[in-house]
Structure formats: C-alpha cells, structure tokens
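Understanding the architecture of this molecule
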Amino acid sequence: MTASPTRLLLRKLPSLAGPLPDFDPVAIAEVPQDQFVIWLREAIAAGITEPHAMTLGTVDAQGRPDARVLILKDLDERGWHYATSRKSPKGQQIAGTSEVALTFYWPLLGRQVRVRGTAVDLGREAAAADFWARSAEARSGAALERQSQIMDADLEQSAADPSEVPGGWSVFAVRPDSVEFWQGCTDRQHVRLLYNRIDRGWKATRLWP
Ligand SMILES: Cc1cc2nc3c(=O)[nH]c(=O)nc-3n(C[C@H](O)[C@H](O)[C@H](O)COP(=O)(O)O)c2cc1C
C-alpha cells in the first residue's frame with residue numbers, strides 16, 4: 001500500500017526536535033501551582049506565543065468528550081481560572097459534570113502540563129471584575145450571550161457596550177486533583193512528574209514516559 005500524500009507530509013514534520021531544556025524532577029515546588037508558575041515564566045521567557053492558551057476538556061450529558069482552547073486568567077490556591085459564559089455549551093456541560101481537564105503545550109520547550117480537577121464558579125464578584133476588565137468589543141460580544149449558537153444571516157449583529165454584567169458571565173477555577181508536568185527529551189527519555197492531591201497537601205511521583 002502506498003503512503004498517502006498527507007501521511008508523507010506528516011512524516012516530514014519533526015516533533016520534539018530540540019534543543020530542549022532539562023527538567024530535574026527532584027528540584028521541584030511543593031505545590032503544583034508554584035511549579036506551574038515556574039514553567040509559565042520560562043515559557044514566556046522562551047518567547048512562546050500565547051503560553052496562557054490552554055485546552056479545556058469537558059463531557060456532555062451523554063458522556064461524550066468535548067474540548068476547546070481558552071485563555072488562563074489567573075492561578076491561585078483555588079486553581080486555574082478561566083472566564084466564559086455558563087450559557088455556552090461548555091458552561092452547560094460543566095453544570096452537568098464539573099470534572100474537567102486542562103492541557104497546556106509549550107512546543108519550543110517540549111513541555112506539556114495536564115490538570116485534572118473540578119470546575120468551581122467563583123461567583124458574581126469575580127465575574128464582574130473579569131467582565132469590566134475586558135475590552136469594549138469583548139464586552140459587547142459576551143453581552144449577546146449567544147456563544148456557539150447558530151448564526152443566522154439576519155441575526156448577524158453586534159451588541160452595544162452593555163451597562164451590566166451579562167447573567168451568564170462567569171469565572172471558573174479548576175481545583176486540581178492531579179497535575180502532570182511532562183518534559184520532552186530529544187532522546188525520548190521524557191521526564192514525567194505527577195502531583196496527586198493527598199489529605200494535607202500533595203504527593204509527587206515519577207511516571208514512565
Ligand atoms: C486562543 C483562543 C483563546 C480563546 N479564549 C477563550 C476564552 O477565554 N473564553 C471563551 O469562552 N472562549 C475562548 N475561545 C473560544 C473557545 O475555544 C470556543 O470556541 C468557545 O468558547 C465556544 O466553546 P463551546 O461551544 O465549547 O462552549 C478561545 C479560542 C482560542 C483559539
């Protein structure tokens with residue numbers, strides 16, 4: 001069987017070509033949030049485009065997975081924050097099943113971070129703070145509260161800058177149960193470090209690549 005042109009195209013593309021940094025899984029932070037900030041700063045210093053873009057995985061009412069890219073808004077002891085509409089498909093999926101996953105990929109460093117946990121709505125005050133910090137254009141779009149609905153030609157319109165926070169606007173924090181830091185190596189001896197939440201704090205273990 002001959003290889004398809006697409007397969008040939010893909011086979012020419014390098015992955016984890018390097019040079020890639022070392023990661024010493026012994027010299028690590030006690031909590032995964034702190035380790036994440038160390039890596040985030042290194043991703044910014046390396047010039048990675050949009051290092052705060054992350055993939056949020058959810059499941060719908062039928063148990064079917066879904067995923068999309070969002071922007072990380074903050075990170076603290078409550079977890080990884082993102083802002084969106086509760087009326088969007090992802091918002092409805094989370095209302096049914098709050099267990100979610102986040103993935104970051106920083107190609108220039110060969111690094112991936114995976115977070116599994118529970119999405120918690122941070123309330124109206126957090127939603128308002130996020131909403132008013134957005135640009136006027138972003139506020140107008142959010143005010144329509146139509147994210148992911150079918151756009152009929154006659155409904156193609158943009159709202160004016162709203163005077164109040166849309167009811168569905170929310171900031172969620174993903175409270176982590178586990179966080180994995182994955183450092184790719186050109187020799188494929190990838191280094192994986194998994195933090196699991198235990199009674200009082202975190203336990204970090206190595207995983208086979
Ligand atoms: C780089 C990037 C950043 C994005 N940031 C956000 C965001 O912060 N919040 C959001 O609701 N959608 C964001 N989106 C759009 C989502 O990926 C998605 O299309 C939208 O939220 C609808 O998802 P849903 O239908 O699963 O609810 C972003 C997309 C990209 C590519």
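That block above? That's the structure.
Report follows, based on the coordinates. None of the values given here were measured: they were computed from a predicted structure.

Points about the site of the ligand
Taken together, E50, R68, V69, L70, I71, A83, T84, S88, P89, K90, Q147 and S148 make up the full set of residues adjacent to the ligand. K90 places a polar side-chain atom, nitrogen or oxygen, 2.7 Å from an oxygen atom of the ligand. Within the complex, the protein chains bury 66% of what would otherwise be the 620 Å² of accessible surface of the ligand. Among the residues forming the shell around the ligand, the class breakdown is 5 nonpolar, 4 polar and 3 charged.

Notes on the environment of Q92
Tracing the chain through its elements places Q92 in helix α3 (residues 89–96). Contact partners of Q92, with chain neighbours within four places excluded, come to R86 and K87.

Description of the nonpolar core
Formed by 32 residues in total, the largest nonpolar core has its most connected members in F36, W80, Y82, F104, W106, V113 and F181. Put simply, the parts of the chain that give this core at least two residues each are α2 (32–45), β1 (53–59), β4 (79–85), β5 (99–106), β6 (111–121), β7 (169–183) and β8 (191–198).

Digging into the pattern of salt bridges
Scanning the model with the defined rule gives 12 salt bridges in all. Close ionic contact of D121 with R86 constitutes a salt bridge, the shortest N to O distance being 3.4 Å. With D121 in strand β6 and R86 in the loop between β4 and α3, this pair connects stretches of sequence that are 35 residues apart. Accessibility expressed as a relative area gives 33% for D121, which makes it partly exposed. A relative accessible area of 32% means that R86 is categorised as partly exposed.

Basis of the calculations
Residues numbered from 1 in each chain as written. Predicted model: local features only at pLDDT ≥ 70, side-chain atom pairs only at ≥ 80, totals over all residues. Heavy atoms only, no water. Near = heavy atom within 4 Å. Polar contact = N/O pair within 3.5 Å; in protein donor to acceptor, adjacent residues only side chain to side chain. Areas by Shrake-Rupley, 256 points an atom, 1.4 Å probe, with all protein chains shown as cover. Nonpolar A, V, L, I, M, F, W, Y, C, P; charged D, E, K, R; others polar. Helix = DSSP H or I, 4+ residues; strand = E, 2+ residues; numbered from the N terminus. Contact = heavy atoms within 4.5 Å. Core = buried A, V, L, I, M, F, W, Y, C linked by side-chain atoms within 4.5 Å. Buried < 20%, exposed > 50% of the residue type's maximum accessible area, 1.4 Å probe, protein only. Salt bridge = Lys/Arg side-chain N within 4 Å of Asp/Glu carboxyl O.

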